[in-house]
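Coordinates in review
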Amino acid sequence: MKRQGAKDWEVSAIAAQEPRLNEEITVRECRLIGFDGEQMGIYVTAEAQRVADSQGLDLVEIAPMADPPVCRIMDYGKFKYDQAIKAKQARKNQSKVETKEMKFRPKIDVGDYTTKKKHVMRFLDAGNKVKITIMFRGREMAHPEQGLTILERLADDLKETAVIESQPKMEGRNMHMLIAPLPAAVLAKKKKENEKKEEGNTDDA
């Protein structure tokens, strides 16, 4: 539901702190990201709020330290609820879990991205959580959305095996996101579903 702060991602958390949403956002303008991840450019915050309102969604400030701050249009209540459920599942039956770290640059090329993603997948397969860090330098700080795009791409690439425990947040010159492996039961279920789909495709052929 829209604008129910008390019910309000992630994980507990888009960060360790609750982000500002809707009328709580007081900056004059923001860099806007659409519901589908589209980079919409710089908007006067009031106009960005009208865009979110017209879609029945929330305006969420996800990178307040950027210049200008980055805001995203989303159903924040549903987003946070879904991620909290996934995070709770991920914590079940986990004993001592080690947290690894993988660092990316905002302008990483395809080859390096693929290599680092394989390392992250290996960490997850071993049952470890992984802290993903985007390191910004100099003028790159003016474009935090580039780092956010990489984190969202990685989360999407790993959605079958991992869950976001801590949403992207800026800390100084770095942007962080914490992911955890999905529990074995969930992975087994997904594997069975995929096998059924493959069997169906074979029958169709």
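Here the structure is shown first, and the text comes after it.
The following refers to the structure shown. All of these numbers come straight from a predicted model, not from anything done at the bench. (Residues numbered from 1 in each chain as written. Predicted model: local features only at pLDDT ≥ 70, side-chain atom pairs only at ≥ 80, totals over all residues. Heavy atoms only, no water.)

Counting secondary structure elements, the chain contains five helices and eight strands. Helices and strands in the chain line up, N terminus first, as β-β-α-β-β-α-β-α-β-α-β-β-α. Across the 205 residues that make up the chain, the buried fraction comes to 41%. In the structure as shown, the chain presents an accessible area of about 11,700 Å², 50% of it carried by carbon and sulfur atoms. (Helix = DSSP H or I, 4+ residues; strand = E, 2+ residues; numbered from the N terminus. Buried < 20%, exposed > 50% of the residue type's maximum accessible area, 1.4 Å probe, protein only. Areas by Shrake-Rupley, 256 points an atom, 1.4 Å probe, with all protein chains shown as cover.)

Across soluble globular proteins, nonpolar side chains have a tendency to be buried as a group. Core analysis: the biggest nonpolar cluster contains 33 residues, and F104, V120, V130, I132 and I179 have the highest contact counts within it. With five residues, helix α4 (residues 144-157) is the largest single contributor of residues to this core. When we break this core down by domain, the ones giving at least three residues each are domain 1 (22-82) and domain 2 (99-197). The contact partners of I132, leaving out residues within four places of it in the chain, are M102, F104, V120, L151, L154, M175, H176, M177 and I179. Grouped together as the second largest cluster of nonpolar side chains are 10 residues, C30, L32, A48 and A52 included. (Core = buried A, V, L, I, M, F, W, Y, C linked by side-chain atoms within 4.5 Å. Domains from an automatic or database assignment. Contact = heavy atoms within 4.5 Å.)

This part takes up the sheet that holds strand β3 (residues 58-63). If you trace the four strands from one edge of the open sheet to the other, you get β2-β1-β4-β3, paired in mixed fashion. Looking at strand neighbours, the two that pair on one side only are β2 (39-44) and β3, the edges of this open sheet. Each strand of the sheet is rotated relative to its neighbour by a mean of 35 degrees, with strand direction disregarded. Where helix α1 (residues 45-54) meets the sheet, it contacts β1 (29-33), β2, β3 and β4 (70-74), and its direction lies at approximately 125 degrees from that of β2. (Pairing = 2+ DSSP bridges. Axes fitted to C-alpha atoms, helices over the stretch in contact; angles between N-to-C directions.)

Below, the discussion takes up the pairing of β1. The element β1 is largely enclosed, with a buried count of four among its five residues. In the sheet, β1 pairs with β2 via five bridges, with the strands oriented antiparallel. Note on β2: the bridge partner recorded for L32 is G41. Counted between consecutive antiparallel strands, the loop separating β1 from β2 contains five residues, among which G37 sits at a positive phi close to 90 degrees.

Further remarks concern the packing of aromatic side chains. Throughout the structure, instances matching the rule amount to one aromatic pair. Summarising the aromatic geometry, the rings of F104 and Y113 are spaced 6.1 Å apart at their centres and angled 55 degrees between planes, so their arrangement reads as tilted. Each member of the pair, F104 as well as Y113, carries the same accessibility label: buried. If you follow K116 out to its NZ or CZ, it ends over the ring of F104, 5.9 Å from the centre. The lysine or arginine in question, R153, covers the ring of Y113, its NZ or CZ lying 3.7 Å from the ring centre. (Phe/Tyr/Trp six-rings, centres within 6.5 Å; stacked < 30°, edge-to-face > 60°. Lys NZ or Arg CZ within 6 Å of the ring centre and 35° of its normal.)

Just distances and angles here, no functional claims.
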